[in-house]
Amino acid sequence: MSKAIYAGSFDPITNGHIDIVKRAQKLFDEVTIGVIQNPDKKSLFTVDERIKLIQEVLPSDISVEGFEGLLVEYARNKNVYTIIRGLRAVSDFDFEFQMALTNRNLDPKIDTVFLMTDVKYSYLSSSIVKQLAGLNANVSDLVQAPVEKALKEKLSNG
Ligand code: ADP
């Protein structure tokens with residue numbers, strides 16, 4: 001059975017992330033979403049909130065987990081050797097290239113598979129969504145309804 005982990009911050013999950021999940025599900029029998037808990041990166045939503053939102057917007061056949069520490073260790077512990085990352089534009093490439101090779105250095109058995117998003121999501125990021133929602137702009141084309149609602153609640157509560 002082919003397995004892969006789609007890892008990221010998902011702070012919060014956007015339609016661009018969902019596009020990548022759907023593409024990954026066509027290629028792998030089992031896709032797990034691994035939500036990175038990175039204490040150095042300031043996030044709007046807690047890991048538990050991010051997980052809950054992902055569960056609300058994706059079908060239940062996809063498992064979602066939070067993890068701390070090294071992605072390669074998390075993957076290895078699950079016996080998964082394929083990491084999925086999404087690519088939007090050339091600007092993503094440098095960072096993703098560096099990460100993929102670093103992960104391979106840490107564990108040569110681990111490979112990263114890059115999937116290209118639909119062009120309509122190529123400008124979309126969680127940061128842009130947070131900025132727009134913070135300015136009360138309509139984000140309904142960019143995220144699913146539960147995420148839009150959570151953004152409103154979070155940003156109006158301060
Ligand atoms: P990270 O902080 O680890 O980059 P993100 O949640 O921002 O986490 O992104 C997780 C993965 O999804 C990354 O590989 C990122 O390039 C990809 N991604 C983010 N937004 C999009 C999008 N609109 N289309 C395709 N891939 C995306």
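Residues numbered from 1 in each chain as written. Predicted model: local features only at pLDDT ≥ 70, side-chain atom pairs only at ≥ 80, totals over all residues. Heavy atoms only, no water.

Draft legend 1. Representation of the overall build of the protein chain within the structure. Secondary structure assignment for the protein chain yields six helices and five strands. Secondary structure elements of the protein chain, listed N to C terminal, follow the sequence β-α-β-α-β-α-β-α-β-α-α. Here the C-alpha atoms of the protein chain give a radius of gyration of 15 Å, agreeing with the 15 Å that 2.2 N^0.38 yields for 158 residues. Here the C-alpha coordinates of the protein chain stretch approximately 45 × 30 × 30 Å along the principal axes. Within the protein chain, buried positions represent 43% of all 158 residues. In the protein chain, the share of contacts with a sequence separation of at least 24, taken over all contacts with a separation of at least 6, comes to 76%. Carbon and sulfur atoms make up 51% of the accessible area of the protein chain, which totals about 9200 Å². Separation between the mean location of the 19 positive side-chain charges and that of the 21 negative ones in the protein chain comes to 1 Å. (Helix = DSSP H or I, 4+ residues; strand = E, 2+ residues; numbered from the N terminus. Rg over C-alpha atoms; globule rule 2.2 N^0.38 Å. Buried < 20%, exposed > 50% of the residue type's maximum accessible area, 1.4 Å probe, protein only. Contact = heavy atoms within 4.5 Å. Areas by Shrake-Rupley, 256 points an atom, 1.4 Å probe, with all protein chains shown as cover. Lys, Arg positive; Asp, Glu negative; His and termini not counted. Charge placed at Lys NZ, Arg CZ, Asp CG, Glu CD.)

Draft legend 2. Region of the structure containing the packing of aromatic side chains. Counted according to the given criterion, the structure contains three aromatic pairs. Measuring from centroid to centroid gives 4.3 Å for Phe 67 and Tyr 74, while their planes differ by 5 degrees, and the two rings are stacked. Classification of Phe 67 by relative accessible area gives buried; the value is 6%. Owing to a relative accessible area of 11%, Tyr 74 belongs among the buried residues under this scheme. (Phe/Tyr/Trp six-rings, centres within 6.5 Å; stacked < 30°, edge-to-face > 60°.)

From the geometry alone we can't say anything about function, so treat these as descriptive.
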